[in-house]
Amino acid sequence: MVRIEGLERILREHPFFEGLSADYQDLFAGCAANERFEAGGFVGREGEPANKFYLVRHGIVALEYAVPARPPLVLETLEEGDVFGWSWMVPPHTWAFDVRAMTLVRLISLDAECLRGKFESDHRLGYELFRRFVPVVAKRLAAARMRLLDMYDSPK
Amino acid sequence: MSVTAAADPMLPEPFGILRKRRELSDTFTLELSPLHGGGTFAFRPGQFNMLYVFGVGEIPISISGDPEDDGPLVHTIRAVGTVSGALRDMEAGDVIGVRGPFGSAWPVEEAEGRDVVLVTGGVGLAPMRPVIHHLLAHRQRYGKLLILYGARTPEDVLFRKQLEQWRSRFDMFVDVTVDRATGKWRGRVGVVTKLIARAGFDPHDAAAFVCGPEVMMRFSVQALNERGVADERIHLSMERNMKCAVGFCGHCQFGGQFVCKDGPVFRFDAIRDIFSVWEV
Amino acid sequence: MSRPVATADVRTIDREGLDALIRALGAQGRRVIGPVLRDGAIVTGPVTSVDDLPAGVVDHQEAGGYHLEGQGNGALFHHGVGPHTWKRYLYPPVRTLWTARRVRRGFETTPNAEPTPRQAFLGVRGCDLAALSALDRVLRDGPYADPCYAACRAEALVIAVNCTRPGGTCFCVSMGGGPKVAAGYDLALTELPGEDRHVLLVEAGSEAGAALLAGLPSEPADRAALAAAEARLAEAVDSMGRDMIPDVAQVLRDGLTSGHWDDVARRCLSCANCTLVCPTCFCSTVEDVTDLTGGEARRERRWDSCFTLDFSYIHGGHIRRGGDSRYRQWITHKLAHWHDQFGTSGCTGCGRCITWCPVGIDITEEAKAIKNREGRT
């Protein structure tokens, strides 16, 4: 028998929400939805309104820049356990790059409008989210810096 | 019978180039055989030879072949300087000088019974290949076997076919990432340390062997530590200027160690105090 | 005054006896190398008779300074160590390691087959005996031996001299190597220049030394001479002006990131003088060269110095780019890492690096400065 998993359970088991109280898990679940993208599909496009963030459940997504006359430049690939999309927190709330499914991708999306409303009435909920987001941003920044070193480059 | 360092350790033995294979735009592999016989070149995974080009000079290069194969001596070389450039310009039939093998080896016996994580970057995969051969030849002695490999771009992925063969095996895990890629690359894009963070192994009982650019090894050790791998179970392969390979010339000193004879493979806790100190 | 009593071990020779020793060594087919006056300094060079020695010359050494003066008493060894060291006779500054020539397929190498020189080193001080012992560990007693060094060392006789007048910059007492020699010599001399009688005490430290001594016109040393020698050595210990801090190895290991290196770098010229005059600095480089036809090649080994930028070159750049890291490398290798590598200090306290530094950087003072600076924090 196949049991369809509830969003609450998926959120609870995702490392991003580790240690979150059951009440808050329910609050987040209230703004969450399952999404599915076929390989090649766009989750977000540069410049478009960013009103969600995503937890990757399955598959690989690429963060990429479209470059004229060249194939898109992949900035980073993300997969199961990763989180992406903080443009909804930062004005002007538009996607900073394209996000494309490289394989079949299953995501949980969290709706920004829905969350903002809840944060206004419960700042602690906002804190719980931000303290999870900041390390993600810091890690991503550290990785970007590491790649700026171009450490495998052949010496000139 | 094995070829060992001659009575005069500074005297190179002539070896003929049997085959030369282009690996990457600046990287190639030489298969070598001693000109005057001498049978199999015995070495331990992680050791290196000094390769001499007549009248041009000599450089240290890790051995990249299978230690249990009685075939030719194999070196994979990136052309980055005068001597490596001269080696790149050589062809099958040409003769070069070889001194060695020198240096310490990856502790493959110590790692028995454990998961083994090989973290490599760039052309650092070449010195790692003998240990991969060894681990696969004695697969049952080890737990999980993982190769985590980072390269600059998809075009810089070394031993691509071999990596694919290894990846297709059910008894090992191969993960490759590149720092940057265009849309044609279907694999991962990101730093090699991210592979460490998500790889499936037992951090409390795994042996980690790290080989790549020094800065990459620095970040890799941090990522391994974050996973819970203790310094005593991390080994890495260092690189320094070398003129003699036998501890006379002093060039390869790294703190109280000589990279040529105490290394190139070091247990991390032996060099931890100086690893992050500037200009050691 | 008690009657002089002869001892069995120590004998005395006079100036003529020393001359006989030099000639006896020559008769063995040995090239005798000893202190000679040249270019305003006491250096090492061939000695064929006692007249070649710098009689009555004393040196005055200070940080960054060296000059000579005449002195009345005619002493032959009343000087400290000069800019030369014995390593040049065992590990020459330039040596062809091998030659190679192209053949139909490939090349053939021929090791350098120059005959090993039979040498005798005359006037080796305690610090320099310690240096030879340190070099033995590096170049002879490890997993590999340098064939040239090992053969030259085996063929060389060592005629040591106890230092009765320390140079102005040395500190062998705090490094444990002098001024009285303890081991590693064939003969040891102690000079007693006197108003009426100029003698040298002689002790044999080996069978070869004993055989040589037996062939010299000598007398048993009397108690007064022995007492005079002891007094002179004690005076040398007391008049030594410098000392190395005893915990220097740990001070340097703990001080790798000290701000003091930058202070040294502001004074240090990276001229490499200290490494060239150091009796234990062994670093070398090789040069592979061909003749104009490209048919012959050879490999030359040359002394190198960790103060040069190229010393630490790896593809793409230099590891030690700054004068700070290069000075740190030199002093920490010498005084700390040498212990890890060879089980002994690489510094003998000879003071040459202090004397011959053009800006007078003093290894003992820098060690203290690191200690004081890091000790405060």
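Residues numbered from 1 in each chain as written. Chains lettered and ligands numbered in written order. Predicted model: local features only at pLDDT ≥ 70, side-chain atom pairs only at ≥ 80, totals over all residues. Heavy atoms only, no water.

> Give a description of the overall build of chain A that names residues and reports values.
Within chain A, the regular secondary structure consists of four helices and eight strands. Its helices and strands taken in sequence order, chain A reads α-α-β-β-β-β-β-β-β-β-α-α from the N to the C terminus. Principal axes of the C-alpha set define a box for chain A whose edges measure 55 × 40 × 30 Å. Taking all 156 residues of chain A together, the buried fraction comes to 44%. Within chain A, contacts between residues separated by at least 24 positions form 77% of all contacts whose residues are at least 6 apart in sequence. Carbon and sulfur atoms make up 57% of the accessible area of chain A, which totals about 8300 Å². For chain A, the distance from the average site of its 20 positive side-chain charges to the average site of its 23 negative ones is 2 Å. (Helix = DSSP H or I, 4+ residues; strand = E, 2+ residues; numbered from the N terminus. Buried < 20%, exposed > 50% of the residue type's maximum accessible area, 1.4 Å probe, protein only. Contact = heavy atoms within 4.5 Å. Areas by Shrake-Rupley, 256 points an atom, 1.4 Å probe, with all protein chains shown as cover. Lys, Arg positive; Asp, Glu negative; His and termini not counted. Charge placed at Lys NZ, Arg CZ, Asp CG, Glu CD.)

> Account for the sheet that holds strand β3 (residues 48–53) of chain B, with residues named and values stated.
All names here are of chain B. The strand order across the open sheet built from six strands is β4-β3-β6-β1-β2-β5, with neighbouring strands paired in antiparallel fashion. At either end of the open sheet lies a strand with only one pairing partner, and these are β4 (57–62) and β5 (73–78). Averaged over all neighbouring strand pairs, the angle between strand axes comes to 40°, with direction disregarded. Here four bridges tie strand β1 (residues 13–24) to strand β6 (residues 95–102), and the two strands are oriented antiparallel to one another. Within β6, the position partnered with Gly16 by the bridge is Val95. (Pairing = 2+ DSSP bridges. Axes fitted to C-alpha atoms, helices over the stretch in contact; angles between N-to-C directions.)

> Outline unusual backbone geometry, supporting the account with residue identities and numerical values.
The omega torsion of the bond from Pro91(A) to Pro92(A) falls at 5°, within 30 degrees of zero and hence cis. Checked against the element boundaries, Pro92(A) lands in the loop between β6 (83–84) and β7 (98–101). Here Gly100(B) and Pro101(B) are connected by a cis peptide whose omega angle stands at 0°. Within the fold, Pro101(B) resides in strand β6. Even without being a glycine, His93(A) presents a positive backbone phi close to 60°. Considering the arrangement of structural elements, one finds His93(A) in the loop between β6 and β7. Of note, the phi angle at Phe159(B) is positive, near 50°, even though the residue is not glycine. For Phe159(B), the location among the structural elements is in the loop between β8 (145–151) and α3 (160–168). A relative accessible area of 6% means that Phe159(B) is categorised as buried.

> So what's going on with the packing of aromatic side chains? Which residues, and what values?
Applying the stated rule across the entire model yields 31 aromatic pairs over all chains. On the numbers, 6.3 Å between centres and 25° between planes, the contact of Tyr54(A) with Trp95(A) is stacked. Placement of Tyr54(A) in strand β3 (residues 52–58) and of Trp95(A) in the loop between β6 and β7 is noted, with a sequence separation of 41 residues between them. Each member of the pair, Tyr54(A) as well as Trp95(A), is classed as buried. Both rings, one in Phe268(B) and one in Phe275(B), keep their centres 5.4 Å apart while their planes meet at 85°; by these two values the pair is edge-to-face. Judged by relative accessible area, Phe275(B) falls into the buried class, the value being 3%. Members of the aromatic cluster, joined through ring pairs, are Phe16(A), Phe17(A), Phe28(A), Phe53(A), Trp86(A), Trp88(A), Phe119(A) and Phe133(A). Lying across the ring of Phe201(B), Arg227(B) places its NZ or CZ 4.3 Å from the centre. (Phe/Tyr/Trp six-rings, centres within 6.5 Å; stacked < 30°, edge-to-face > 60°. Lys NZ or Arg CZ within 6 Å of the ring centre and 35° of its normal.)

> Tell me about the interface of chain B and chain C, and name the residues and values.
Facing the 44 residues of chain B at the interface are 53 residues of chain C. Counting the surface lost from both chain B and chain C, the interface buries some 4000 Å², and carbon and sulfur atoms represent 60% of this. For chain B, the biggest contributors to the area lost against chain C are Phe54(B), Phe248(B) and Glu279(B); these three give 21% of the whole. Put simply, chain B and chain C have two salt bridges between them. (Buried area = accessible area lost by both parts, 1.4 Å probe. Salt bridge = Lys/Arg side-chain N within 4 Å of Asp/Glu carboxyl O.)

Limitation: the analysis is restricted to geometry and does not speak to function.
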